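This is what each chain is made of:
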Amino acid sequence: MTEAYIVDAVRTPIGKKKGGLADVHPADLGAHVIKALVDRTGIDPADVDDVVFGCVDAIGGQAGNIARTAWLAAGYPQHVPGVTVDRQCGSSQQALHFGAQAILSNTADLIVAGGVQNMTQIPISAAMIVGQQYGFDTPFGGSKGWTERYGDEEVSQFKGAEMIAEKWDISREELEKWALQSHERAKAAIAEGRFDNEIVPLGDATVDEGPRETSLEKMASLQPLVEGGRLTAAVASQISDGASAVLLASDEAVKKYGLKPRARIHHLSARGDDPIFMLTAPIPATQYALEKAGLTIDDIDLIEINEAFAPVVLAWIKEIGADPSKVNVNGGAIALGHPLGATGTKLMSTLLNELERTGGRYGLLTICEGGGTANVTIIERV
């Protein structure tokens, strides 16, 4: 049976809004991690079958198929194609899935998968804002089928996160404790150099810029996002800039090019859930993935679940029964940032390195996504 392997995984430091990566063109952000992969693995770029990149709000410098643009901006052969994927926050995780599926189907042997996002230059929901000039107030308003099914309910990640906190009875104090832990874990990971093997510095950006000095007292002083609500900015992911990429290879490519795999793709899948709650899909997606993979959550040594909002992670832990000490051990997006289209393979690079550092066998990655979907990837260290 054909296997799909992760040969290497790299990322830029994650820049904060208007930070060290703010002025870098998205194509150059993508080109930077692509070149790092090629340099570190020693592959001939001409042997790559495809470049699959995730990106959200593909306008301006992110328009025109950024996967292809980034590859060409890196100076690599024109015969290698590229395609851009939008599965919202899970876009580069889906890029990895598409790349792995191409290898597993024996239609490709060497794939660069990753993602890029400059949220300073192209703000979140910029594509929808541009769409207003064409008469669209939301992506859903005006759709007869959508309205018949979901009415005119607000479709918002903020509303979804608040609904999750209420449904799973997660207090504001619990949310803020998780957020504080995210910062403390991230700062410890940076101080110990745990990210050094995955980060490829770019200009003056050499380390992740997101972690802040904060406290439960500071968090408690913030106003909630909605009156009487539990969410504040302190328990939400940060606006960020960055890029990430992985090199995927088949058995044949590993042998032919003398590559050394770091992990095997054990399972990949995606599932959907209520689009109004929006951010709950990692729960059914993880249940489905574990069943298909023949594993239990106790078999998983390390977990990365994107911290879009603290209630997403805490509700997932409650439903799945995961050990919190295995979840986001080096901090998450609340502290380190969430560069939308790049987050999937960014988290994969962290998961891979931490599995190697700790000697774990299985790692699980899941991300909540706009539209109420979620991807799950399970890797096995080799």
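Residues numbered from 1 in each chain as written. Predicted model: local features only at pLDDT ≥ 70, side-chain atom pairs only at ≥ 80, totals over all residues. Heavy atoms only, no water.

**Notes on the overall build of the chain**
Secondary structure summary: the chain contains 13 helices and ten strands in total. Scaling as 2.2 N^0.38, a compact globule of 382 residues should have a C-alpha radius of gyration of about 21 Å, and the chain matches this with 20 Å. If one aligns the C-alpha atoms of the chain with their principal axes, the spans along those axes are about 60 × 50 × 45 Å. The buried share of the chain, taken over its 382 residues, is 57%. Taking the intrachain contacts of the chain between residues at least 6 apart in sequence as the baseline, contacts between residues at least 24 apart amount to 82%. Of the accessible surface of the chain, which amounts to about 15300 Å², a share of 49% is contributed by carbon and sulfur atoms. Across the chain, 33 positive and 50 negative side-chain charges occur, with their mean positions spaced 2 Å apart. (Helix = DSSP H or I, 4+ residues; strand = E, 2+ residues; numbered from the N terminus. Rg over C-alpha atoms; globule rule 2.2 N^0.38 Å. Buried < 20%, exposed > 50% of the residue type's maximum accessible area, 1.4 Å probe, protein only. Contact = heavy atoms within 4.5 Å. Areas by Shrake-Rupley, 256 points an atom, 1.4 Å probe, with all protein chains shown as cover. Lys, Arg positive; Asp, Glu negative; His and termini not counted. Charge placed at Lys NZ, Arg CZ, Asp CG, Glu CD.)

**Quick look at the UniProt feature "domain: Thiolase N-terminal" (unreviewed entry) in the chain**
Per the UniProt record, "domain: Thiolase N-terminal" (unreviewed entry) is annotated on residues 5-251. Taken end to end, residues 5-251 has its terminal C-alpha atoms 8 Å apart, with 36% of it in helix and 15% in strand. (UniProt positions renumbered as here; feature names shortened; annotations may be inferred.)

**With respect to the pattern of salt bridges**
On inspection of all chains with the given rule, the structure shows 16 salt bridges. With a closest N to O distance of 2.6 Å, Arg-264 and Glu-380 form a salt bridge. A residue pair is termed long-range when its members are at least 10 positions apart, and Arg-264 in strand S7 (residues 263-272) and Glu-380 in strand S10 (residues 373-381) qualify at 116 residues. Since its relative accessible area comes to 15%, Arg-264 is described here as buried. By relative accessible area, which is 13% here, Glu-380 ends up buried. One salt bridge connects Arg-361 with Glu-380, and the closest N-O pair in it is separated by 2.7 Å. Here Glu-380 lies in strand S10 and Arg-361 lies in the loop between helix H13 (343-358) and strand S9 (362-369), a separation of 19 residues in the sequence. Take Arg-361: its relative accessible area is 46%, and that puts it in the partly exposed class. (Salt bridge = Lys/Arg side-chain N within 4 Å of Asp/Glu carboxyl O.)

**So, the layout of surface pockets**
Computed from the structure, the largest pocket encloses a volume of approximately 750 Å³. In this structure, the largest pocket is lined by 25 residues; those nearest its centre are Gln-88, Ser-125, Pro-139, Met-278 and Gly-370. Going through the elements one at a time, helix H4 (126-131), helix H6 (157-167) and S9 are the ones with two or more residues in the lining of the largest pocket. Across the lining of the largest pocket, the residue classes break down as 14 nonpolar, seven polar and four charged. Along the walls of the second largest pocket sit 14 residues, with Gln-157, Phe-158, Ala-236, Ser-237 and Ile-239 positioned nearest its centre. Grouping the constituent residues of the lining of the second largest pocket by class yields ten nonpolar, four polar and no charged. (1 Å grid on protein atoms, 1.4 Å probe; cavity = no way out; pocket = protein on both sides within 12 Å on 5 of 7 lines; lining within 4 Å. Points joined across faces, edges and corners; volume = space filled by probe spheres on them. Nonpolar A, V, L, I, M, F, W, Y, C, P; charged D, E, K, R; others polar.)

**Things to note about the packing of helix H1 (residues 26-41) against helix H2 (residues 66-73)**
Orientation of H1 relative to H2, taken along the N-to-C sense of each, is 65°, at an axis distance of 7 Å. The two elements H1 and H2 cross, and the hand of that crossing is right-handed. From H1, Pro-26, Ala-27, Asp-28, Gly-30, Ala-31 and Ile-34 reach across to H2, where they touch Ile-66, Thr-69, Ala-70, Trp-71 and Ala-73. In terms of residue class, the contact of H1 with H2 is built from eight nonpolar, two polar and one charged. (Axes fitted to C-alpha atoms, helices over the stretch in contact; angles between N-to-C directions. Left-handed = near helix turned anticlockwise from the far one by under 90°.)

**Looking at helix H3 (residues 91-104)**
In this model H3 runs 20 Å from its N-terminal to its C-terminal C-alpha over 14 residues, within 8% of the 20 Å that 1.5 Å per residue would give. Of all 14 residues that make up H3, eleven are buried, and the element is covered over most of its length. Three or more residues of H3 are buried, namely Ser-91, Ser-92, Gln-93, Gln-94, Ala-95, Leu-96, His-97, Gly-99, Ala-100, Ala-102 and Ile-103. Remark: Asn-106 follows H3 within two positions and exhibits a positive phi of approximately 65°. (Expected span 1.5 Å × (residues − 1).)

**Structural notes on the pairing of S10**
On a regular strand, each side chain points to the face opposite its neighbour's, so the side chains alternate between the two faces of the sheet. Burial runs high along S10: seven of the nine residues are buried. Across nine bridges, S7 lies against S10 in antiparallel orientation. Within the sheet, the bridge partner assigned to Ser-269 lies in S10 and is Val-376. Where S9 meets S10, eight bridges bridge the pair, whose relative direction is antiparallel. What sits directly across from Tyr-362, in S10, is Glu-380. Hairpin geometry of S9 and S10 is characterised by an intervening segment of three residues between the two adjacent antiparallel strands and by a positive phi of about 95° at Gly-371. (Pairing = 2+ DSSP bridges.)

**Digging into a negative patch on the surface**
A cluster of acidic residues, Asp-298, Asp-299, Asp-301 and Asp-323, forms a negative patch on the protein surface. Relative to the helices and strands, Asp-323 resides in the loop between helix H11 (310-320) and helix H12 (333-336). (Patch = residues over 30% accessible without salt bridge, like charges linked within 9 Å, V, L, I, M, F, W, Y side chains within 5 Å.)

**Comments concerning the environment of Ile-122**
Relative to the helices and strands, Ile-122 is located in the loop between strand S5 (110-118) and H4. With residues up to four places along the chain from it excluded, the contact list for Ile-122 reads Asp-57, Ile-59, Gly-60, Gly-61 and Gln-62.

**A closer look at the environment of Ile-320**
Tracing the sequence through the fold places Ile-320 in helix H11. Residues Ile-320 and Ile-297 lie 23 residues apart in sequence; the distance between their C-alpha atoms is 7.3 Å.

**A closer look at the packing of H6 against H11**
Between H6 and H11, the shortest axis-to-axis distance is 9 Å and the interhelical angle comes to 40°. Like other packed secondary-structure pairs, H6 and H11 cross with a definite hand, here left-handed. Residues Ala-161, Ile-164 and Ala-165 of H6 touch H11, and the partners they reach there are Pro-311, Val-312 and Ala-315. Across the contact of H6 with H11, the residue classes tally to six nonpolar, no polar and no charged.

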